[in-house]
Amino acid sequence: MPIRVYNTLTRRSEPLNPLTPGKIGIYLCGPTVYDDCHIGHLMGPVLFDAIARWLRVRGYDVRFVNNITDIDDKIIERSQRSGEPWQEITRRYSEQYFALLRRLHVATITDHPRCTDFVPQMIRYIADLLAAGRAYVTPDGVVYDVQQQPGYGKLSGRRLEEMVAGARVERDPHLRHPADFALWKRAGPGEPSWDSPWGPGRPGWHIECSVMTYHTLGPDFDIHAGGEELKFPHHENEIAQGEAHGGGYARVWMHHNLVQYQGSKIAKSDPRMRDPAFAEQFKAWRVLDAHGAPAIRYLLLSGHYRRPVDFAPAAIAAVRTALQRLLAALGERCEAPATLCDAAGLAALLERALPERAAQARAAFIAAMDDDFNTGAAIAQLHILSHEAHKEAEDSAARAAILDVLAGLGRILGLFQPGDRAQLASTAGGDERLAKVMELVLELRAQARARRDFATSDFIRERLQAAGITVRDGRDGTTWS
Ligand SMILES: [Zn+2]
């Protein structure tokens, strides 16, 4: 049975057919390194690390590219505001990103190209687009001409006519179409710049990914990945550039859903994120410190990637309990050195004789991963294996075999790594107990409100506020942070 993948471009599940037999190239859009990562930035790397691990055990040689955007308007703005050199800012936040990936056991990324290492290649690529009549020069730099691109909008399902209607009134008079986008931006006074035939400046955001895919994976490659918020305009524009440059670009587009809190996605653009106290709780390093990196990895893989991940305190508490249960069942098996599993490793797990129900769970794990990398369904099978192990006698060979298979399959997802048990234990307790206590307090407050006892309800909220806990009453119920 071949692996099947849901392709956003064709809007269908398709068998995965690599361009070169036995090899898969994946490109995942990486972070712009000007600020602390938040929890949402970790979804892509963790998910595609699990996917790359799975492709590996299915016998593929995987090249996994995850770029670093280290020049951008936001980086320049931050540097101008703080007076800190932009290179220092990007160095600090890219190191933070790499440290977070290590803590989360992301181990399969083979390349982290940086935008600033590819500027000469971007200039050549832009010159090619100009020569092909797909771009034009304006006083501000070089712009891509979307009207020259047949099928522009095919990924996101948008039409150019709608983009005109939706464009803002004060449109740039130098643009031929409101959806035209910058390939090269002429530098303002004091801004970092590179020399180019169009004056000193810097590359636009979209061009960097097209150029870095070209120079790492080639003009055509297997999988382009990213968060669903990147479909338009970023990925649409990447396709336009890649096709105009003569490539077919990515064959399969995979978009993961986002981490959500109180019903809306956690993104820098969320107006609530302007409140520093609100934003603070989603900072990735803080989240990992508070809940333990193993629990966050598990949380990010606990559903299907095309559905949102819930970041509510109760969801995190549930995940911690579930993971702790598995780790307790495995015991010292988690502490064995963890190497990346390969096809031979998976074959060895499949050869182990298991009682019938456990063997079914093992097969279901494999089927779930082969069917569009359904990590949530795969993790559910790990719990069935754990349950089946407990039905066997303490020292029986059957129990040992089930637990060995459980450990091996979990490790393919990057779970059950050495040190995970200790990390979970050291971040333990407080948060889960707090979540349970808050559940009780908010339940009592809801009862007070139901009987119109607003004095008690306000008293509870004020006392919680004094203790540093903010309660918010929204349309979807009451939440706290
Ligand atoms: Zn990108």
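See the structure printed just above.
These numbers were taken from a predicted model, which means no experiment stands behind them. (Residues numbered from 1 in each chain as written. Predicted model: local features only at pLDDT ≥ 70, side-chain atom pairs only at ≥ 80, totals over all residues. Heavy atoms only, no water.)

## Quick word on the coordination of the zinc ion
Next, step 1: The zinc ion binds to the protein through C29 (SG), C209 (SG) and H234 (NE2), with metal-donor distances spanning 2.0 to 2.2 Å.
Next, step 2: Here the donor residues of the zinc ion are spaced in sequence according to C-x179-C-x24-H. Of this pair, C209 sits in helix 6 (residues 205-216) while H234 sits in helix 7 (residues 231-244), and the two are 25 residues apart along the sequence. The residues C209 and H234 share a single accessibility class, namely buried. (Donors = N, O, S within 2.8 Å, 3.2 Å for Na, K, Ca; no water. Helix = DSSP H or I, 4+ residues; strand = E, 2+ residues; numbered from the N terminus. Buried < 20%, exposed > 50% of the residue type's maximum accessible area, 1.4 Å probe, protein only.)

## Examining helix 9 (residues 284-291)
Next, step 1: Among all positions in helix 9, only A284, V287, L288 and H291 are buried. Looking down the long axis of helix 9, one finds its buried residues gathered within 95° of arc, a one-sided arrangement.
Next, step 2: Of the residues flanking the end of helix 9, it is G292, one or two places downstream, whose phi is positive at about 90°. (Arc of directions from axis to C-beta.)

## Observations regarding the pairing of strand 2 (residues 12-15)
Next, step 1: Bridge analysis of strand 1 (residues 4-7) against strand 2 gives four bridges, and the strand direction is antiparallel. Bridge assignment links N7 to a residue of strand 2, and that residue is R12.
Next, step 2: Counted along the chain from strand 1 to the antiparallel partner strand 2, the turn is four residues long, and its residue R11 has a positive phi close to 60°. (Pairing = 2+ DSSP bridges.)

## Let's talk about the pattern of salt bridges
Next, step 1: Tallied over the full model, the rule gives 28 salt bridges.
Next, step 2: A salt bridge links D49 to R53, with the nearest nitrogen and oxygen atoms 2.9 Å apart. Placement of both D49 and R53 in helix 1 (residues 40-57) is noted, with a separation of four residues, approximately one turn of the helix. The pair D49 / R53 is uniform in exposure class, with both members buried.
Next, step 3: Its salt-bridge partner being R91, residue E88 comes within 3.0 Å of it at the nearest N-O pair. Here E88 and its partner R91 are both found in helix 3 (residues 86-103), three residues apart, which amounts to about one turn of the helix.
Next, step 4: Three or more residues are tied together by salt bridges with common partners; here these are D36, E280, K283 and R286. (Salt bridge = Lys/Arg side-chain N within 4 Å of Asp/Glu carboxyl O.)

## What to know about the sheet that holds strand 13 (residues 309-310)
Next, step 1: Read across the sheet, three strands follow the order 12-11-13 without closing on themselves; strand pairing throughout is mixed. Every other strand in the sheet has two partners, leaving strand 12 (264-265) and strand 13 as the edge strands with one partner each.
Next, step 2: Taken together, the two bridges between strand 11 (residues 259-261) and strand 13 define a ladder with parallel strand orientation. Each residue of the ladder has a partner; that of Q260, found in strand 13, is D310.

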